[in-house]
Amino acid sequence: MTDPDPSLFDVLTAGVTPDRLLHDARATGAGVKVAVVDTGIDSSALAARHPEMEPIRGIVYRGTDPTPYPDEGKPSSFHGTTVADILLTLAPKATLFSADVFGPFGDCDVETVVHAIRYAVDVWKVKVVNLSLGVPENRIQQLPKRQALYRAIEEAYFQDVLVFAAANNDHPLTKSYPAAIAPPLFSVDKALFDDPLGFAYRLREKVEFQAHGRAYLGPFVREPATSWATPHLAGIAAKLLSLKPDLKLFELKTLLYWMFRAGSR
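Draft legend 1. Inspection of the overall build of the chain at higher detail. Broken down by element type, the chain carries 8 helices and 11 strands. Out of the 265 residues in the chain, the part that is buried amounts to 52%. If you take every contact in the chain between residues at least 6 apart in sequence, the share linking residues at least 24 apart comes to 71%. Across the chain, 28 positive and 31 negative side-chain charges occur, with their mean positions spaced 3 Å apart.

Draft legend 2. Fine view of the sheet that holds strand β10 (residues 199-204). Within the open sheet, the 9 strands sit side by side as β3-β2-β4-β1-β5-β7-β9-β11-β10. Their pairing is mixed. Strands with a single pairing partner mark the edges of an open sheet, and in this sheet they are β3 (69-70) and β10. Helix α7 (residues 226-243) contacts β5 (128-131), β7 (162-166), β9 (186-191), β10 and β11 (207-212) of the sheet and is inclined by roughly 160° relative to β7. Across the sheet, helix α8 (residues 249-263) lies against β7, β9, β10 and β11, angled at about 110° from β10, the strand it touches most.

Draft legend 3. Spotlight on the pairing of strand β2 (residues 57-60). Direction of pairing for β2 relative to strand β4 (residues 95-100): parallel, over a ladder of 4 bridges. Looking at the pairing, glycine 58 lines up with serine 98 of β4. For β2 and β3, the ladder comprises 2 bridges, and the chain directions are antiparallel. In the sheet register, valine 60 faces β3, and the bridge partner there is tyrosine 69.

Draft legend 4. Structural detail: the nonpolar core. One finds Phe164, Leu233, Ile236, Leu240, Leu252, Leu256 and Met259 to be the most contacted residues of the largest nonpolar core, which totals 49 residues. In terms of residues, this core owes the most to one element, α7, which gives 9 residues. Leave out the neighbours within four places in its chain, and leucine 233 touches Phe164, Val188, Phe199, Phe209, Ala211 and Leu256. Listed in part, the 35 residues of the second largest apolar core include Val37, Val101, Ala165 and Ile181.

Draft legend 5. Structural context of the pairing of β10. Two strands pair when backbone bridges link them, and β10 and β11 are joined in this way by 4 bridges, in the antiparallel orientation. Within β11, the position partnered with arginine 204 by the bridge is valine 207. Connecting β10 to the next strand, β11, in antiparallel fashion are 2 residues, including glutamate 205 with a positive phi near 50°.

Draft legend 6. Fine view of the packing of aromatic side chains. With the rule as written, the count across this model stands at 8 aromatic pairs. Consider the rings of tyrosine 201 and phenylalanine 209, whose centres lie 5.2 Å apart with planes at 85°: the pair is edge-to-face. The class for tyrosine 201 is partly exposed, based on a relative accessible area of 23%. Following the ring pairs from residue to residue traces out a cluster consisting of Phe164, Phe186, Tyr201, Phe209 and Tyr257. The ring of tyrosine 69 carries arginine 62 above its face, with NZ or CZ at 4.0 Å from the centroid. Here lysine 253 stacks its cationic end above the ring of phenylalanine 186, 5.4 Å away from the centre of that ring.

Criteria and thresholds
Residues numbered from 1 in each chain as written. Predicted model: local features only at pLDDT ≥ 70, side-chain atom pairs only at ≥ 80, totals over all residues. Heavy atoms only, no water. Helix = DSSP H or I, 4+ residues; strand = E, 2+ residues; numbered from the N terminus. Buried < 20%, exposed > 50% of the residue type's maximum accessible area, 1.4 Å probe, protein only. Contact = heavy atoms within 4.5 Å. Lys, Arg positive; Asp, Glu negative; His and termini not counted. Charge placed at Lys NZ, Arg CZ, Asp CG, Glu CD. Pairing = 2+ DSSP bridges. Axes fitted to C-alpha atoms, helices over the stretch in contact; angles between N-to-C directions. Core = buried A, V, L, I, M, F, W, Y, C linked by side-chain atoms within 4.5 Å. Phe/Tyr/Trp six-rings, centres within 6.5 Å; stacked < 30°, edge-to-face > 60°. Lys NZ or Arg CZ within 6 Å of the ring centre and 35° of its normal.

Interpretation note: all reported values are geometric properties and have no functional meaning in isolation.
See below:
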């Protein structure tokens, strides 16, 4: 009799290929909640490309005020909209949530990112948090800010929330946070792959993964960037989570590492 819900290691030893996993008809992101912590999302622009997408719930932060306000989406939010488009291109049935941490002033501090992560975890109960943003190391010298960011990432980890963070575009010459916080998250660098579902495991200065660095919607999409690579890997994770929703961080990292090794032979 076949086990209807094989364990991760059963999957790894059952002769299933990485390509078969990622192209499984059920690997759509269905049932997976993803928070996009970014500039906000223009839902109307996304709806034109993804007419069957789930409605996006959003909040916006205003300056240093820790209180989130309802976000109706602003047309100028191209960065967050591009990130969301990548996620829906790979995992079209995922449910997206938007936390605009830049707000009307177009600026963001570490404390606001921490508030947004905690809101996504505690209120929205998401499984995935996408952070296509980073603070250069020289701008986060204050120890209390680093500790607060680390605690938020650690709290997400202990609640089985998967956090994906973009490395600095000049990595490894320049470090940035939260990508430099390892290992309780997925740190992502940019590369170019023939297949948007392509990725690599290459550990360099705490950054573990590389994913496809080009986007599909908005300006600058042809310019490789870690901002676009991060939702590619998060989208791959959402596809896998729709096959096995209870995957934990270390299990997913193991699975991705196996998929990379198996696919590179």
